[in-house]
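# Descriptive analysis of the structure
So the chains spell out like this:
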Amino acid sequence: MMMTSDQKKKEELLNQIDQYGFAMDDILLYLDTHPDDRHAIEYFRCVQKAYKDAVNEYESMFGPLTYDQESEDVWNWISGPWPWEGEQSYVEI
């Protein structure tokens with residue numbers, strides 16, 4: 001079964017979010033021992049912006065990834081489809 005363009009976009013954004021999150025964790029570990037490295041700080045800020053942009057794009061298209069305590073509609077996340085309700089992820093080989 002082929003993936004729809006929405007499924008492909010969703011998977012692509014989730015992969016980007018994972019990659020940017022990993023890069024942020026990795027550079028933060030480095031910055032723990034090298035807090036004055038300006039290039040590393042600049043890189044962290046660049047990756048952090050890319051992470052936030054990817055999360056914002058994902059959430060605008062597919063709904064929230066995490067619970068937002070500041071949101072007025074805290075139960076909004078429940079109105080989307082659950083993973084087991086017909087949405088499947090397929091890997092193309």
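Just above sits the structure.
On a predicted model such as this, the values are computed, not experimentally measured, just so you know.

Helix and strand counts for the protein chain stand at two helices and zero strands. Counting the 93 residues in the protein chain, one finds 18% classified as buried. Excluding contacts between residues fewer than 6 apart, the proportion of contacts in the protein chain whose partners are at least 24 apart in sequence is 60%. Accessible surface computed for the protein chain: about 7,800 Å², of which carbon and sulfur atoms make up 53%.

Taking 1.5 Å as the rise per residue, helix α2 (residues 38-62) with 25 residues should run 36 Å; its terminal C-alpha atoms sit 36 Å apart, in good agreement. Residues A40, F44, V47, A54, V55 and Y58 constitute the buried set of α2. At its buried positions, α2 is contacted by α1 (5-33). Sitting at the amino-terminal end of α2 is D37, which places a side-chain oxygen 3.1 Å from the backbone nitrogen of H39. The positive-phi residue at the C-terminal boundary of α2 is G63, with phi of around 100 degrees.

The biggest cluster of nonpolar side chains holds seven residues, and these are A23, M24, I27, L31, A40, F44 and V47. Contributing elements (two or more residues each) for this core: α1 and α2. Top contributing element to this core by residue count: α1, with four residues. With sequence-adjacent residues up to four places away left out, L31 is seen in contact with D37, A40, I41 and F44. Core analysis: the next-biggest nonpolar cluster, separate from the first, contains five residues, I17, A54, V55 and Y58 among them.

This part covers the pattern of salt bridges. Tallying each qualifying case throughout the model produces three salt bridges. Measuring nitrogen to oxygen at the nearest pair gives 3.1 Å for the salt bridge that ties K9 to E57. You can see K9 sitting in helix α1 and its partner E57 sitting in helix α2, a full 48 residues away along the chain. Look at the salt bridges and you will find they share partners, linking K9, E12 and E57 into a network.

Thresholds applied
- Residues numbered from 1 in each chain as written.
- Predicted model: local features only at pLDDT ≥ 70, side-chain atom pairs only at ≥ 80, totals over all residues.
- Heavy atoms only, no water.
- Helix = DSSP H or I, 4+ residues; strand = E, 2+ residues; numbered from the N terminus.
- Buried < 20%, exposed > 50% of the residue type's maximum accessible area, 1.4 Å probe, protein only.
- Contact = heavy atoms within 4.5 Å.
- Areas by Shrake-Rupley, 256 points an atom, 1.4 Å probe, with all protein chains shown as cover.
- Expected span 1.5 Å × (residues − 1).
- Polar contact = N/O pair within 3.5 Å; in protein donor to acceptor, adjacent residues only side chain to side chain.
- Core = buried A, V, L, I, M, F, W, Y, C linked by side-chain atoms within 4.5 Å.
- Salt bridge = Lys/Arg side-chain N within 4 Å of Asp/Glu carboxyl O.

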